[in-house]
Amino acid sequence: MAEAAAPERQMKRTLNAFDLTCIGIGAIIGTGIFALIGTAIAGQTFPTRLETPILNFIQAWLSGADVILGRAGAGPAVAISLFVAALACGFAALCYAELASMIPVSGSAYTYSYATLGEIIAWIIGWDLILEYAVGNMAVAVGWSGYFVKLCGSLFGLKFPIWAVNDYRTASDLIAKGGETLKDFSSTTLPTIAGHPIALNFPALAIVAAVTVLLVYGIRESAKTNTMIVIIKVAVVVFFISFGAFMVHPTNWHPYVPNGFAGVMSGAAIIFFAFIGFDAVSTTAEETKNPRRDMPIGIIASLIICTLLYVLMGTVLAGIKKYTVYLGDPAAAATAFASKPWAEALISAGALAGMTSVLLVFQLGQPRIFMAMARDGLLPQYFARIHPRFRTPYVTTIWTGVVVGGVAMLVDIGSLSDLTNIGTLFAFILVCVGVAVLRQTDAGRSRPFRVPLAPLFPIVGVLLCFVLMLSLPVLTWIRFFVWLGIGLLIYFLYSVRHSKLRRGIDTGITEDIPPPLIKT
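Model, not experiment: these values are computed from the prediction.

**Quick look at the nonpolar core**
Thought 1: In terms of nonpolar packing, the biggest core is built from 141 residues, with Phe34, Tyr110 and Phe278 touching the most fellow members.
Thought 2: No other element matches the 18 residues that helix α6 (residues 119–156) contributes to this core.
Thought 3: Setting aside anything within four residues of it in sequence, one finds Phe278 in contact with Ile28, Cys89, Ala92, Ala93, Tyr96, Ile299, Ser302, Leu303 and Phe428.
Thought 4: If you look at the next biggest cluster of nonpolar residues, it comprises nine residues, including Val149, Ile162, Leu182 and Ala199.

**What about the packing of α6 against helix α13 (residues 341–375)?**
Thought 1: As a packed pair, α6 and α13 sit with axes 8 Å apart at the nearest point and diverge in direction by 155 degrees. Judged by the inter-axis angle, α6 sits roughly antiparallel to α13. Handedness of the crossing formed by α6 with α13: left-handed.
Thought 2: Residue classes in the contact of α6 with α13 are distributed as 24 nonpolar, eight polar and one charged.

**Points about the pattern of salt bridges**
Thought 1: Enumeration according to the criterion identifies five salt bridges in this entry.
Thought 2: Here Arg439 ties to Glu98 by a salt bridge, and the two come within 2.8 Å at their closest N and O atoms. Within this pair, whereas Arg439 is found in helix α15 (residues 417–441), its partner Glu98 is found in helix α4 (residues 78–102), the two being separated by 341 residues in sequence.
Thought 3: A relative accessible area of 17% places Arg439 in the buried class.

**Digging into unusual backbone geometry**
Thought 1: Omega for the peptide link from His254 to Pro255 comes to -5 degrees, which places this bond in the cis form.
Thought 2: Within the secondary structure, Pro255 is located in the loop between α9 (219–244) and α10 (260–271).
Thought 3: Here the amide bond leading from Ala454 into Pro455 is cis, since omega sits at 5 degrees, within 30 degrees of zero.
Thought 4: Even without being glycine, Leu453 reaches a positive phi, approximately 55 degrees.

**Remarks on the environment of Gly267**
Thought 1: Looking at the secondary structure, you find Gly267 in helix α10.
Thought 2: Distance from Gly267 to Ala85, taken between C-alpha atoms, is 8.8 Å for residues 182 residues apart in sequence.
Thought 3: Residue contacts for Gly267: discarding those within four places in its chain leaves Ala40, Ala72, Ala74 and Ser81.

**Details of α13**
Thought 1: Between its first and last C-alpha atoms α13 spans 52 Å; for 35 residues at 1.5 Å apiece the expected length is 51 Å, and the two agree.
Thought 2: Burial of α13 is extensive: 30 of the 35 residues sit out of reach of the surface.
Thought 3: Positive backbone phi, approximately 85 degrees, marks Gly377, located one or two places after α13.

**Looking at the environment of Phe466**
Thought 1: For Phe466, the location among the structural elements is in helix α16 (residues 456–470).
Thought 2: In this structure Phe466 comes out as partly exposed when scored by relative accessible area, which is 40%.
Thought 3: Along the backbone, Phe466 and Leu62 are 404 residues apart, and their C-alpha atoms lie at a distance of 18 Å.
Thought 4: If near-sequence neighbours (up to four positions away) are discounted, Phe466 is found in contact with Ile429 and Trp477.

**Observations regarding the state of the cysteines**
Thought 1: In the structure shown here, the tally under the stated rule is zero disulfides.
Thought 2: Cysteine Cys306 remains unbridged, with the sulfur of Cys22 as its closest cysteine sulfur at 10 Å.

**Points about a nonpolar patch on the surface**
Thought 1: A grouping of Leu50, Ile478, Val482, Ile486 and Ile490 is seen on the molecular surface, where their side chains present a nonpolar patch of about 400 Å² in accessible area.
Thought 2: Considering the arrangement of structural elements, one finds Val482 in helix α17 (residues 474–498).
Thought 3: Val482 gets classed as partly exposed once you look at its relative accessible area, which sits at 49%.

The rules behind the values
- Residues numbered from 1 in each chain as written.
- Predicted model: local features only at pLDDT ≥ 70, side-chain atom pairs only at ≥ 80, totals over all residues.
- Heavy atoms only, no water.
- Core = buried A, V, L, I, M, F, W, Y, C linked by side-chain atoms within 4.5 Å.
- Buried < 20%, exposed > 50% of the residue type's maximum accessible area, 1.4 Å probe, protein only.
- Helix = DSSP H or I, 4+ residues; strand = E, 2+ residues; numbered from the N terminus.
- Contact = heavy atoms within 4.5 Å.
- Axes fitted to C-alpha atoms, helices over the stretch in contact; angles between N-to-C directions.
- Parallel < 35°, antiparallel > 145°, perpendicular 65-115°, else oblique.
- Left-handed = near helix turned anticlockwise from the far one by under 90°.
- Nonpolar A, V, L, I, M, F, W, Y, C, P; charged D, E, K, R; others polar.
- Salt bridge = Lys/Arg side-chain N within 4 Å of Asp/Glu carboxyl O.
- Expected span 1.5 Å × (residues − 1).
- Disulfide = S-S within 2.5 Å.
- Patch = residues over 30% accessible without salt bridge, like charges linked within 9 Å, V, L, I, M, F, W, Y side chains within 5 Å.
- Areas by Shrake-Rupley, 256 points an atom, 1.4 Å probe, with all protein chains shown as cover.

Structural data, given as structure tokens:
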């Protein structure tokens, strides 16, 4: 906190509780609810054991039955699945709120782990958060590009060459598959350079570049843009609920729980991705006017509002059509209104707005985590620079944009969405543990917001998040451990030798006073 108060490191404090709530909603309502809710309702199957959730193996071992290569859908009971996923996030959100009010510094779970569990745990979680923010945004950018191309075709009749709006693997697969899909493109021929065919997803690169420029320009402008987008997409969700309610056939809700408790829990694990993002609020602590009061409000209010909208949306969606119709459908919300093209286009526009605000908020969060790590010496000091005029972490913002946009342009990383889930759940677990630890090691410190019934609530949060982690595929766990291994290698080769804490620079009494306001 004392470091953040240094004049060369101060950022503009312009955000209030409403701005933070909009940032939370902007991060939560996006790709997850528009793309994954159909999968949560109808379930999914896996071709191999590596892609099968660990929980399936545990269930088979306990029951003595064969391993089921798939996840049962929740059916009409998806509303319960949404509530269960929200409950797991809710316990983590309470813990985030307590730590954010105590330690109003950018860095989110990284900063909280650094202050409560030590440097190496903080490095692990900081490295792990890249999976949530940067890798997650790569997938969102690719999804944004797909919806953008569809919307241009349906509204304006505008078509693009297949090589200009897809990565090479996706373009090759579409060409090989053939059929009606190819009619959406103006050309299906891949150009060659030096004898090698190429395909580049330019819309994905363009949206990341635009968001990066906006974030470098200023937090106030970014927050205003996010608020406008949030208003649009919340209006679309409310339209879906209110208009869709008249299309509901109650017979579609029977049977309400077709696959029992297992279906409800697997649906919760799938739809969890839809709730990722409320923790991004905590990365803007140094740009908030009154972080001790406003951070808890923003984190908890955004989660409550989104949970209410999600439960209503899931209930209506499951009532419009038989739940089995949504099997394998990546755009279930639009499919529900397939009989009304104008409504389907409106829902697609809402999905596009949702993804745009997710990109904006996650691109806002990742650079601030890198900045916090650089301040502690775990990354080069170059990454801790603040723009002298705009007072934003422009170096990390630009580099994050370059990497995210470049990868999104070249690679189809839809398979990495589970990596985002496991990285986020692991971060939630460490935050919950951090609250319990700090209650014991620093019980006398001022806590403007306190998690009720601690340490019970933090422990419940850990258990719920761990169960959801077990619902992820074996392959995701393998990739997760490989990712952590790479991170630890960097830590021991570079970060240990440059750490301020280990060099005695970052020790001693710290000021328990937030940095002063910068008048704008």
